[in-house]
Amino acid sequence: MMTKDYDTKISHNQIPNYNNNFATRLLKLHLIDRYTATKLKTTTATCPRIYGQPKAHKQNVPLRPVVPGMTNPCYQLSKYICCILQASMESKYNTKDSFSFCREIRDTDIPHNHIMVSFDVISLFTNIPRDLVIRDIINRWDTIKPHTKINLDLFLEIVSFCMHASYFVFRGTHYIQKEGTAMGSPLSPILADLVMDTLLDSVQKQLSYTIPTLRKYVDDLFLIVPADQLQHTLNVFNGYHHNIQFTCEEECEGKLPYLDMTVIRQPDNTIQTEWFIKPIASGRLLNFNSIHPLSQKIAIMQNFIDRVNKLSTIMDEDTKRTIITKHLLINDFPRHLINRCLNRTNWNNNLPITKPSQDTNNNNNITTYRSIPSIPLLSQQVIRLFKETYPTVKVTTRSTNTVNKLYTRIKDPVPFLDQHSVIYRVNCQCNWNYIGMTGSLLKNRLAKHRSNIKQLNQLIEQGYTTQDEKMQAMKTTSTALITHLYKAQLTVTQCNYR
């Protein structure tokens, strides 16, 4: 099975055309409908601009490179393929979140002479071997095929294109990623999950023993392995592929940090957990004095209480209360409000989580959701008014003080001609101005105008008049700018185009 090598055939200028050609092919083969084809195509995509997120919890504060994939031309196509793979993916190793892991691992018995360890992949997304992705999709095609009408060859071609279309711009220079997938691509998590599942299946077959407990959260693994087999196990994991390398952390004094909790070995070799915070963390949450809705502050406080409570299976109630109160006071939450929420908390972790009952009286009414700026006192009155007058309209508030306003130069600026959904003006020497609005890229719109002006000038130079059929056809199919030039019969040198 061969796929196209896009490394040597594709440039950043060709990526939108390749993407739109795939959408057209899928439509012509009746594999998608016209609405989906229109959604997959792009006319306004711009090259993603890479930026760095500081890793504040690590020494020297290194930057994590992030490529926001939402502006990538193949973003929608990647999401479409991602949905197909997710529907077919059933992993026996995955854990959904910290709460799920806590429930799964609680009261697990650690065998004699075994230890708890965590394996972490070094830069997983950017080191995913693309040849392994293709191989694993082929091997799992029997489970993927029921979720799509696309045949294997075309599916592999689309996946290969989406992986090779990982590109970005930095200070005016375009770069195409040669290995792995971009951090901001919708395909990266599911492809990493696919490769990691195959890796775990393969590694366990090579070991001389059975791993009693193995859980995975993206690239973080939790394992219980024999103490004398730890180095051999790590070597087998690192020997799977030279791009996928693991670091190892062993339990220390019966404790091992994993996700946002500490896994603790009990004297009887069972496992309990505690809520964990990194030593470098400041403990800051949303400050109570900030200009945010009171409901949002209470929700953040309640979520923090639930997290500490449910992830701490070994702590008593007084210890939990002390930890929660300390962190909330740092964020200026009133003590009386803290105590009120703590008194309403169910401290028994063994009880099932009950979901609030949903109102079924308005099943026939469609609920509309809207947001308004958060203004103290005024916003709450507006929300109350809407609730009384329009019960099917749910209004919430949003903060106007965003990070984007505080830090406005995180990314390279978008060139003026590469912007879309803009209003522009064309000045003419006859003292008239043409005001236009375009949803496509401005440079494409301007190129269309220039092309129409050139055609008009050629017809005028050839002696055509306003009564001729070609001039009439051009008038009806062009924009108001051409209609103006058509009436005045101006040449291109007389139109000051900006």
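Scroll up a little and you will see the structure.
The structure presented is a predicted model; accordingly, all values stated were derived computationally and were not measured.

## Some remarks on a nonpolar patch on the surface
Here's step 1: A grouping of I423, I435 and M437 is seen on the molecular surface, where their side chains present a nonpolar patch of about 380 Å² in accessible area.
Here's step 2: For M437, the location among the structural elements is in strand β15 (residues 433-441).
Here's step 3: M437 gets classed as exposed once you look at its relative accessible area, which sits at 66%.

## Concerning the sheet that holds strand β7 (residues 220-226)
Here's step 1: An order of β6-β7-β3-β8 is seen for the four strands of this open sheet, with the pairing classed as antiparallel. Both outer strands of the open sheet, β6 (213-217) and β8 (246-250), are each paired with one neighbouring strand and no more. Each adjacent strand pair in this sheet contributes to an overall mean axis angle of 25°, direction not counted.

## What about the pattern of salt bridges?
Here's step 1: Counting across every chain of the model gives eleven salt bridges.
Here's step 2: Residue D201 pairs with K92 through a salt bridge whose shortest N-O separation is 3.9 Å. Here the residue D201 occupies a position in helix α8 (residues 187-206), and K92 occupies one in the loop between α3 (75-88) and α4 (98-105), the gap between them amounting to 109 residues.
Here's step 3: As a salt-bridge pair, D193 and K216 come within 2.3 Å of each other at their nearest N and O atoms. Here the residue D193 occupies a position in helix α8, and K216 occupies one in strand β6, the gap between them amounting to 23 residues.
Here's step 4: Look at D193 and you get buried, because its relative accessible area is 14%.
Here's step 5: Beyond isolated ion pairs, a larger network of salt bridges with shared partners links D193, D197 and K216.

## So, the environment of T313
Here's step 1: With respect to the helices, strands and loops of the structure, T313 is situated in the loop between α10 (294-311) and α11 (317-330).
Here's step 2: A polar atom in the side chain of T313 sits 2.6 Å from the side chain of Q272.

## A closer look at the packing of aromatic side chains
Here's step 1: The full count for this structure, using the stated rule, is 13 aromatic pairs.
Here's step 2: Their ring planes at 20° and their centres at 6.0 Å tell us that Y18 and F161 sit as a pair that is stacked. Placement of the pair is Y18 in helix α1 (residues 15-28) and F161 in helix α7 (residues 152-164), with a sequence separation of 143 residues.
Here's step 3: With a relative accessible area of 23%, Y18 lands in the partly exposed category.
Here's step 4: Under the relative-accessibility criterion, F161 is labelled buried at 0%.
Here's step 5: Judged by centre distance (6.2 Å) and plane angle (55°), the rings of F119 and F246 are tilted. Of this pair, F119 sits in strand β3 (residues 114-121) while F246 sits in strand β8, placing them 127 residues apart in sequence.
Here's step 6: Given a relative accessible area of 5%, F246 falls into the buried group.
Here's step 7: Feature note: the residues Y18, F22 and F161 constitute an aromatic cluster, connected by ring pairs.

What counts and what doesn't
- Along each chain, residue indices are assigned from 1 in the same order as the chain's sequence is written.
- This being a predicted model, a pLDDT of at least 70 is required before a residue's local features are given, and a value of 80 or more before pairs of side-chain atoms are given or counted; all residues contribute to the totals for chains, interfaces and linings.
- In computing side-chain values, all of the structure's heavy atoms are included and hydrogens and water are not.
- Surface patches are drawn from residues lacking salt bridges whose relative accessible area is over 30%; two like charges belong together within 9 Å, two nonpolar side chains (Val, Leu, Ile, Met, Phe, Trp, Tyr) within 5 Å.
- A 1.4 Å probe and the Shrake-Rupley method give the accessible areas. Residues count as covered only by the protein chains that appear here.
- Definition used for salt bridges: Asp or Glu carboxyl oxygen within 4 Å of a side-chain nitrogen of Lys or Arg.
- Labels follow the DSSP assignment, with helices taken as runs of H or I lasting at least four residues and strands as runs of E lasting at least two, numbered in each case from the N terminus.
- Three exposure classes are used, based on accessible area relative to the maximum for each residue type with a 1.4 Å probe and protein chains only: buried under 20%, partly exposed in between, and exposed over 50%.
- By definition, two strands form a pair when at least two bridges between them are found by DSSP.
- Angles run from 0 to 180 degrees between N-to-C directions of axes, and those axes are lines fitted to C-alpha atoms, restricted for helices to the stretch in contact.
- Polar contact is the term for a pair of N or O atoms within 3.5 Å; when the atoms are in protein, one must be able to donate a hydrogen and the other to accept it, and sequence-neighboring residues count only if both atoms are side-chain atoms.
- Between rings of Phe, Tyr and Trp, where Trp is taken as its six-membered ring, a pair exists when centres lie within 6.5 Å; planes separated by under 30 degrees are stacked, by over 60 edge-to-face, and by other angles tilted.

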